[in-house]
Amino acid sequence: MKKVIRLVLFISVVVGGSANAYAQQGLKDVLGQYCYIGTSLNQWQSDGQDAAASAVVRQHFNSAVAENCMKAECLQPAEGIFDFRTADKLVSYCEENGLTLFGHCLVWHSQAPDWMFTDSYGHPVSREKLADRLEKHIKTVVGHFRGKIYGWDVVNEAIEDDGSFRQSPLYKILGEEFIEIAFRAAQESDPNVQLYYNDFSMSKPGKREAVCRLIKKLKSKGIRIDAVGMQSHNGLDYPNLDEYEKSIDAFAACGVKVMMTELDLNVLPNPSGFGGADIAQNYEFQQKYNPYAAGLPKEMEKKINNRWVEFFQIYQRHRHQISRINLWGIADHNSWLNEWPIKGRTNYPLLFDRQYQAKSVVNEIIKLYK
């Protein structure tokens with residue numbers, strides 16, 4: 001009897017110890033063998049004021065990107081006046097926590113400072129003036145972070161879903177040349193930093209074809225582009241998974257790596273007409289669009305987990321084409337999807353819950369890559 005008891009105790013220790021070790025494995029320990037696995041950080045987190053967030057970061061991620069503090073409106077709020085204080089704290093945070101830092105973003109029509117596109121009278125600036133402002137901004141920012149940033153989202157969201165160029169102030173004043181100006185300036189400022197184009201709804205055939213044309217055009221002019229960022233603000237019924245995979249293959253065939261740069265999963269019902277990730281979308285709050293304020297039903301939890309697995313099955317299959325997977329936020333409560341496109345909702349779009357606990361699907365994702 002004593003031998004049996006000892007045997008049972010021995011098995012319990014071994015199995016329990018193995019299970020405990022497995023539970024302690026982070027995403028970076030397994031997925032990190034194939035690609036960067038990271039998250040966006042808000043200022044509170046990168047200032048080191050959120051200990052629970054930092055614990056998740058240290059266990060699960062090997063890279064990071066700023067949610068907002070490296071956008072133009074933050075870095076150059078007035079022409080010629082740069083403020084790097086918050087972004088420099090992010091650099092220090094990443095160095096202290098062993099994170100590879102990616103820069104987001106150098107050129108974007110949204111969250112640009114008010115002065116960028118107009119003169120002192122509020123009129124659109126000349127072509128020459130905007131080109132000069134873009135170059136100065138990019139060269140100053142890339143130069144400041146030289147050697148500290150692994151890669152930059154050089155241009156963000158310049159193409160519409162149908163493949164046409166977005167009619168932004170950048171395009172209206174400079175035409176598509178603004179993209180070339182941006183990539184050349186970044187390349188000249190730090191020859192060693194990687195350069196990316198980043199956009200949403202990248203599974204759309206029109207956008208996919210346009211981005212492929214853009215990659216080829218830049219390369220034909222001797223302008224370096226190293227990867228394409230598929231933002232991947234996904235939902236329970238979008239994007240079409242076949243088209244999503246086609247885009248991964250198409251971009252890789254153009255000779256660049258593919259990155260999932262702003263990955264999350266919107267699990268709430270949305271108004272008619274909603275689509276993509278254009279931050280200008282804004283809808284009135286209605287209770288029917290906020291069905292899980294008190295928590296998720298078990299059936300919905302299962303549906304969400306299954307959807308996450310579907311995406312990570314794709315990433316695992318394409319692991320040799322994908323260089324980075326980046327979640328847009330750490331835990332559910334600090335996701336932008338609680339406030340967009342409808343303010344005041346309770347969403348569940350990330351891999352960690354409101355108490356920073358890993359959801360069960362995290363272990364399922366780890367199993368896929370083991």
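This text follows the structure it describes.
None of these values were measured; they are calculated from a predicted model.

## Digging into the environment of N62
At step 1: Tracing the backbone shows N62 in the loop between α4 (51-60) and β2 (63-66).
At step 2: Setting aside residues up to four positions removed in sequence, N62 forms contacts with K28, G32, C35, Y36, I37, G98, L99 and T100.
At step 3: Of note is the side chain of N62, whose polar atom sits 2.9 Å from the backbone nitrogen of I37.

## So, helix α7 (residues 127-144)
At step 1: Taking 1.5 Å of rise per residue, 18 residues should cover 26 Å, and α7 covers 26 Å from first to last C-alpha, within 8% of that figure.
At step 2: All buried positions along α7 are accounted for by L130, A131, R133, L134, H137, I138, V141 and V142. The buried residues of α7 all sit within an arc of 160° when viewed along its axis, so they share a single face. Seen from the open side of α7, the exposed residues pointing more than 90 degrees away from its buried face are E128 and K136.
At step 3: Packed against the buried residues of α7 are α5 (72-75), β3 (100-108), β4 (151-156), α8 (169-174) and α9 (177-189).

## Here we look at the pairing of strand β1 (residues 36-41)
At step 1: Of all six residues in β1, five are buried, a share of seventy percent or more.
At step 2: As defined by bridge partners, β1 adjoins strand β9 (residues 322-327) across four bridges and the pair is classed as parallel. Its bridge partner lying in β9, Y36 is registered against R324.
At step 3: Sheet analysis places β1 next to β2, joined by four bridges and oriented parallel. From the neighbouring strand, S40 faces β2, where its bridge partner is V65.

## Points about unusual backbone geometry
At step 1: Note that the residue after Y238, namely P239, is joined by a cis bond; omega there is 0°.
At step 2: Among the secondary structure elements, P239 is positioned in the loop between β7 (233-235) and α11 (241-253).
At step 3: Along the chain, W340 connects to P341 via a cis peptide bond; the corresponding omega equals 0°.
At step 4: Positionally, P341 belongs in the loop between β9 and α13 (360-369).
At step 5: Notably, E157 is not glycine yet its phi reads approximately 60°, a positive angle.
At step 6: As for its placement among the helices and strands, E157 is situated in the loop between β4 and α8.

## Section: the environment of A293
At step 1: If you trace the backbone, A293 turns up in the loop between β8 (257-266) and α12 (298-317).
At step 2: A relative accessible area of 47% means that A293 is categorised as partly exposed.
At step 3: C-alpha separation for the pair A293 and N347, spaced 54 residues apart in sequence, amounts to 8.0 Å.

Definitions and limits used
Residues numbered from 1 in each chain as written. Predicted model: local features only at pLDDT ≥ 70, side-chain atom pairs only at ≥ 80, totals over all residues. Heavy atoms only, no water. Helix = DSSP H or I, 4+ residues; strand = E, 2+ residues; numbered from the N terminus. Contact = heavy atoms within 4.5 Å. Polar contact = N/O pair within 3.5 Å; in protein donor to acceptor, adjacent residues only side chain to side chain. Expected span 1.5 Å × (residues − 1). Buried < 20%, exposed > 50% of the residue type's maximum accessible area, 1.4 Å probe, protein only. Arc of directions from axis to C-beta. Pairing = 2+ DSSP bridges.

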